[in-house]
Amino acid sequence: MNKIKIFAGIFLSVLLLSLISAQISYCCEKVKDTGAWCQNMDSKDKCDPAYSAPVATSCESTSYCKAGCCINSNDGTCSQNTAKKTCDNSKGTWIENAQCDTEQCKAGCCILGNTAFFDTLTRCKSYSTLYGVEFNFRNDIQNELQCLTIPNLDVKGACVFSQNSTKTCKITTRKECNDMSRTNQDVLFYEGYLCSAEKLGTNCAKTRKTTCVDGKHEVYFVDSCGNVANIYDSNKVDDTNYWTIIIDKEESCGNGNSNRDSSTCGNCDYYLGSTCKPYQRGQDNTPKYGDNICRDLSCTYNGVRYQHGETWCATNTQIAKKDTPGSQYFRLNCYNGEVDYELCDINRQKICVESTINEFKNAQCIVNLWQDCNAQDNKDDCENKDQRDCKWIKTTTSGNMKLLTEYCVPNYSPGFDFWNNQGTCNNIGTDGKITCIVKYETSVLGGKDCVENCDCMNDAWRKKMAQVCTSVGDCQLEVKGGDNESSKITP
Amino acid sequence: MKKRGQVTIFIIIAMVIVALAVIVYFVYPKIKTTTTTTNPNDYIQQCIEKDIETNSQKIAMQGGSFNPQNYHTYNDEKIEYICYTNEYYKPCVMQHPFLKQYIETEIQNSIQEQTKSCFDSLEQNYKNQGYDVSLNRQNYSVELLPNKIISTFNYELTLTKDSSNKYENFKVAVDNNLFELSAIADSIIKSEAQYGDSEITAYMTYYPWLKIEKRLRDDGAKIYILTDRDTEDKFEFAVRSVVWPPGYGV
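Residues numbered from 1 in each chain as written. Chains lettered and ligands numbered in written order. Predicted model: local features only at pLDDT ≥ 70, side-chain atom pairs only at ≥ 80, totals over all residues.

### Notes on the pairing of strand S21 (residues 338-343) of chain A
Residue and element names in this part refer to chain A.
- Relative to S21, strand S20 (residues 329-335) runs antiparallel, the two sharing 6 bridges. Bridging from a neighbouring strand, Tyr 335 pairs with Glu 338 of S21.
- As consecutive antiparallel partners, S20 and S21 are separated by 2 residues, and within that stretch Asn 336 has a phi angle of approximately 50°, a positive value. (Pairing = 2+ DSSP bridges. Helix = DSSP H or I, 4+ residues; strand = E, 2+ residues; numbered from the N terminus.)

So this is what it looks like as structure tokens:
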């Protein structure tokens, strides 16, 4: 009895050790073949011997490869999930906070002159020195878009000055105009005025020309001195008031619309799908004045028109059956008149879902939560969308059916690495097989009468089981038995 | 007789043109050399800028690395992993924490030979012109700035002939927007390190001049291609983060 116990003990120890050794990983400070820093590898031979001796533990447990936050004290850059060794190599300061959730790394809105961007305070100061302009750091703004669309704080107006005995003008900010007054005595700033304002008496006059401005999306009138005036509005080309004071975008023609391809209004809106571009014959409507127009940024894909900024889902299979081996989900996007794609996952571990709000499509690649479908034994748990992406398959059977024909299977069947012997669908039934024993009774007259599980002999039942099998993943389907010995159902 | 005279004149004109062409062909390069060496700053700018342009373009297409070590091959290009994990489910570990600084160092190292060669030839040219040349070579640096790359050479050149002229801090400026593209790349990498993915359409909405392509590869690596729609300048880099294995992953 004792011998049996000792033998069993040794056997269990060996089994345990083999299981442990199978899970051991070594932290390589540097991987020999790839040169990658701080990776967990399954063998210490994969580590570069020129660096720290590999330790049989994960990198997180080592002092040199533990992930933290690496801070560049010169320019305030914070690098997340950075190993201590990599940080030291880059001459950074390493702290034990992998997500860089520190005050030093907290981003805010950095306003420099007329531009704004979302970054840390140190970076803001660094850029301020770089550009030679004062900065305004707004840590109350915690959203990049809000920061980028912050209105210009510098008021603009007409800066009137003398040049070669001529009274001329430039549209600029008060600060820039004041700077000009240091080198030129006859400089006056008129806040909110355009250079073409008659009361200023400059040599700048209204024209019928238009221009596109760097960093802006609207079509603008331009005066005879080359200054940008108000947004192009063909009805106001000769309107003296429109050439006198600066009018906001919100008060200009067609506000709230994209005004794409409009020959009369240049109030383009990038977020609504238009931007200023030079007019091209054959592509755009002819503008009434000038050579620029609000170009339509929408796209056409497979005969369907998509708005600029829309995203939608597609698969690489054209057949009606979904999630066949090799099929993949894509997220497509339309930007600046071009359609581009983003593959969600190679093996359908991520799927694409889309929604439409106010006729605007928005798609996302999300994780396919199929892994615990097979463990669910009731419909409610199976189809709980908050927890998993599964569906309940139940066959309608007659009264003599003893075999359980209810399954919880993935709603989006995952791809298997079937060429490496993965994907034998072992999680269906027993050993990946759904076995149905059909019982017959011999009648008094010598014939056979089916008495149990008779539905298993129906094509409808087999097709349903095939559906179960294909839903589980990239499974091989084979139906054996009865009259259909070795017959196959292909997915 | 009159006709023969006309023909002779044409022959003489043709010979003069050929002679002028020969003179221009042989003498012009010398004229050019002389003019460049009269301004050392211009000479260095012309001598090094091409290398900075070419190398920074190559570096931009290879994930910020001149000679990629840990890379993914995409369209026959070796693209360096900026953030990488070889495991499944885990977020990537940063390989080059300060991207801008890393690119600057890579450009700096890549122009080392050309820098030496340019200053050597500058020195030699002045010596050939009879100058007494003193060149004190200290260090040099490369900095990515908005819309340009500036290389600053802390070298001191003293030229003495009849009088003495001193030139310090040679600067070479090249138009390039690696500064802007690397800043966007930096932001994408941060998102990859934290969440294992990044929302590229948000960047394209924020920055209308920018086009971002994200290409998922068979091993779960992602290639990001950032393109400036106005200048067509590109920056490509590789990331491998939060990769889902096929099936159950066992």
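### Side note on the sheet that holds strand S8 (residues 135-138) of chain A
Residue and element names in this part refer to chain A.
- Strand order in the open sheet made by the 3 strands is S7-S6-S8, with antiparallel pairing throughout. Either end of the sheet is taken by a strand with one partner, and the two such strands are strand S7 (115-120) and S8. Across the sheet, the mean angle from the axis of one strand to that of its neighbour is 30°, orientation sign disregarded.
- Across 4 bridges, the pairing between strand S6 (residues 107-112) and S8 is antiparallel. Among the inter-strand pairings, Cys 109 is bridged to a residue of S8, identified as Arg 138. (Axes fitted to C-alpha atoms, helices over the stretch in contact; angles between N-to-C directions.)

### A word on the domain arrangement of chain A
- On domain assignment, one finds that chain A holds domain 1 (106-148), domain 2 (156-300), domain 3 (304-367) and domain 4 (373-484).
- Of note, the centres of domain 1 of chain A and domain 2 of chain A, computed from C-alpha atoms alone, are 27 Å apart. (Domains from an automatic or database assignment.)

### What to know about the confidence of the model for chain B
Residue and element names in this part refer to chain B.
- Model confidence for chain B is summarised by a mean pLDDT of 89, while 90% of its residues fall at 70 or above.
- Helix H1 (residues 2-38) is the least confidently modelled element of chain B, averaging 62 in pLDDT, while strand S9 (residues 234-240) averages 98, the highest of any element.
- Confidence drops under a pLDDT of 50 for residues 28-37, and excluding neighbours within four residues, the segment shows 9 contacts in the predicted structure.
- Among the scores for the predicted complex, ipTM is 0.81 and pTM is 0.83. (pLDDT = per-residue confidence, 0-100. Contact = placed C-beta atoms within 7 Å.)

### Quick notes on the interface of chain A and chain B
- Each partner contributes residues to the interface: chain A has 47 residues there, and chain B has 33 residues.
- Elements supplying a minimum of two residues to the side of chain A that touches chain B: strand S2 (37-41), strand S3 (67-71), strand S4 (78-83), helix H2 (84-89), helix H4 (144-148), S20 and S21 of chain A.
- Counting residues per element, the side of chain A that touches chain B draws most heavily on S4 of chain A, at 5 residues.
- Residue composition of the side of chain A that touches chain B, by class: 16 nonpolar, 25 polar and 6 charged. (Nonpolar A, V, L, I, M, F, W, Y, C, P; charged D, E, K, R; others polar.)

### Considering the packing of helix H2 (residues 40-61) of chain B against helix H4 (residues 112-128) of chain B
Residues and elements named next belong to chain B.
- Close contact between H2 and H4 brings their axes to 10 Å; oriented N to C, the two are set at 150°. Classified by the angle their axes make, H2 and H4 are roughly antiparallel. As for the relative orientation of H2 and H4, their crossing is right-handed in sense. Two secondary-structure elements touch here, H2 through Pro 40, Tyr 43, Ile 44, Cys 47, Ile 48 and Asp 51 and H4 through Gln 114, Thr 115, Cys 118 and Leu 122.
- Looking at the contact of H2 with H4, its residues break down into 7 nonpolar, 2 polar and 1 charged. (Parallel < 35°, antiparallel > 145°, perpendicular 65-115°, else oblique. Left-handed = near helix turned anticlockwise from the far one by under 90°.)

### What about the nonpolar core?
- With 77 residues, the main nonpolar core has Cys 83, Val 93, Ala 185 and Val 239 of chain B as its most contacted residues.
- Other than its neighbours up to four places away in sequence, Val 239 of chain B contacts Tyr 81, Ile 82, Cys 83, Cys 92, Ile 189, Glu 192, Ala 221, Lys 222 and Tyr 224 of chain B.
- Counting residues in each nonpolar core, the second largest holds 28 residues, with Val 160, Phe 189, Phe 221 and Cys 268 of chain A among its members. (Core = buried A, V, L, I, M, F, W, Y, C linked by C-beta atoms within 7 Å. Buried ≥ 20, exposed ≤ 12 C-beta atoms within 10 Å, placed from the backbone.)

### Some points on the packing of H2 of chain B against helix H3 (residues 99-110) of chain B
All names here are of chain B.
- One way to put it is that H2 packs onto H3 with a least axis distance of 10 Å and a crossing angle of 135°. In terms of orientation, H2 lies oblique with respect to H3. Where H2 crosses over H3, the handedness of that crossing is right-handed. Counting all contacts with H2, which are made through Ile 52, Asn 55, Ser 56 and Ile 59, the residues of H3 involved are Ile 103, Glu 106, Ile 107 and Ser 110.

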